[in-house]
Amino acid sequence: MINIKKRPEEFRGRAPEGDELQMHTWKDGSLRELTELVKEVRTAARAREARFTFCIVYPDANGKFFMREVGGVHSTRVGKDDKKTLHEIRFQTGDFLDVAIYVK
């Protein structure tokens, strides 16, 4: 495994560090497109059997952070979540995406 999921409170107001990435995309960007962007910069994520799990991390009105799993993408096989867009998963400005990459 490349990235162990973080606890929601670990996202509070800080810049990316270590193995984390900051990406800019549009709300019509799909989970497959995000997967391909990660694969461009993380060599281990290019493994044939790599699986990507996506979670939205978002604050409530009181500033407490929550995490919700929204889909999974396989590195080389087409799946049901590939075409899900950030808009469809209700991603909003200010939210974070936690992407765990599992490699056998």
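Residues numbered from 1 in each chain as written. Predicted model: local features only at pLDDT ≥ 70, side-chain atom pairs only at ≥ 80, totals over all residues. Heavy atoms only, no water.

Colleague: Mind laying out the pattern of salt bridges, listing which residues take part and the relevant values?
Modeller: Side chains that carry opposite charge are capable of pairing whenever their charged atoms lie near each other. Throughout the structure, instances matching the rule amount to 6 salt bridges. Linking Lys80 and Asp81 is a salt bridge whose minimum nitrogen-to-oxygen distance equals 3.5 Å. The exposure class of Lys80 is exposed, given its relative accessible area of 75%. With a relative accessible area of 8%, Asp81 lands in the buried category. In this structure, Asp81 and Lys84 form a salt bridge, with 3.3 Å as the shortest nitrogen-oxygen distance. Residue Lys84 is classed as partly exposed on the basis of its relative accessible area of 27%. What you see here is one network of salt bridges that share partners, running through Arg32, Glu36, Lys39 and Asp82. (Salt bridge = Lys/Arg side-chain N within 4 Å of Asp/Glu carboxyl O. Buried < 20%, exposed > 50% of the residue type's maximum accessible area, 1.4 Å probe, protein only.)

Colleague: So what's going on with the packing of aromatic side chains? Residues and values would help.
Modeller: What the rule picks out here adds up to 2 aromatic pairs. Arranged with centres 6.3 Å apart and planes meeting at 45 degrees, the rings of Phe65 and Phe96 form a pair that is tilted. One end of the pair, Phe65, is in strand β2 (residues 65-74); the other, Phe96, is in strand β3 (residues 96-102), and 31 residues separate them in sequence. Judged by its relative accessible area of 26%, Phe96 is partly exposed. (Phe/Tyr/Trp six-rings, centres within 6.5 Å; stacked < 30°, edge-to-face > 60°. Helix = DSSP H or I, 4+ residues; strand = E, 2+ residues; numbered from the N terminus.)

Colleague: Explain the nonpolar core to me, and be specific about the residues and the numbers.
Modeller: Membership of the largest hydrophobic core comes to 15 residues, with the highest contact counts inside it found for Leu31, Phe52, Phe54, Ile89 and Ile101. Where this core is concerned, the elements lending two or more residues are α1 (31-41), β1 (51-59), β2 and β3. What Phe54 contacts, discounting residues up to four positions off in sequence, is Leu31, Leu34, Thr35, Arg68, Glu69, Val70, Gly71, Val73, Leu97, Asp98 and Val99. (Core = buried A, V, L, I, M, F, W, Y, C linked by side-chain atoms within 4.5 Å. Contact = heavy atoms within 4.5 Å.)

Colleague: Let's hear about the sheet that holds β3: which residues, and what values?
Modeller: With antiparallel pairing, 3 strands are arranged side by side in an open sheet as β2-β1-β3. Unpaired on one side and paired on the other, β2 and β3 mark the two borders of the sheet. Adjacent strand axes in the sheet meet at a mean angle of 25 degrees when their direction is disregarded. With 7 bridges connecting them, β1 and β3 associate as antiparallel partners. From the neighbouring strand, Thr53 faces β3, where its bridge partner is Ala100. (Pairing = 2+ DSSP bridges. Axes fitted to C-alpha atoms, helices over the stretch in contact; angles between N-to-C directions.)

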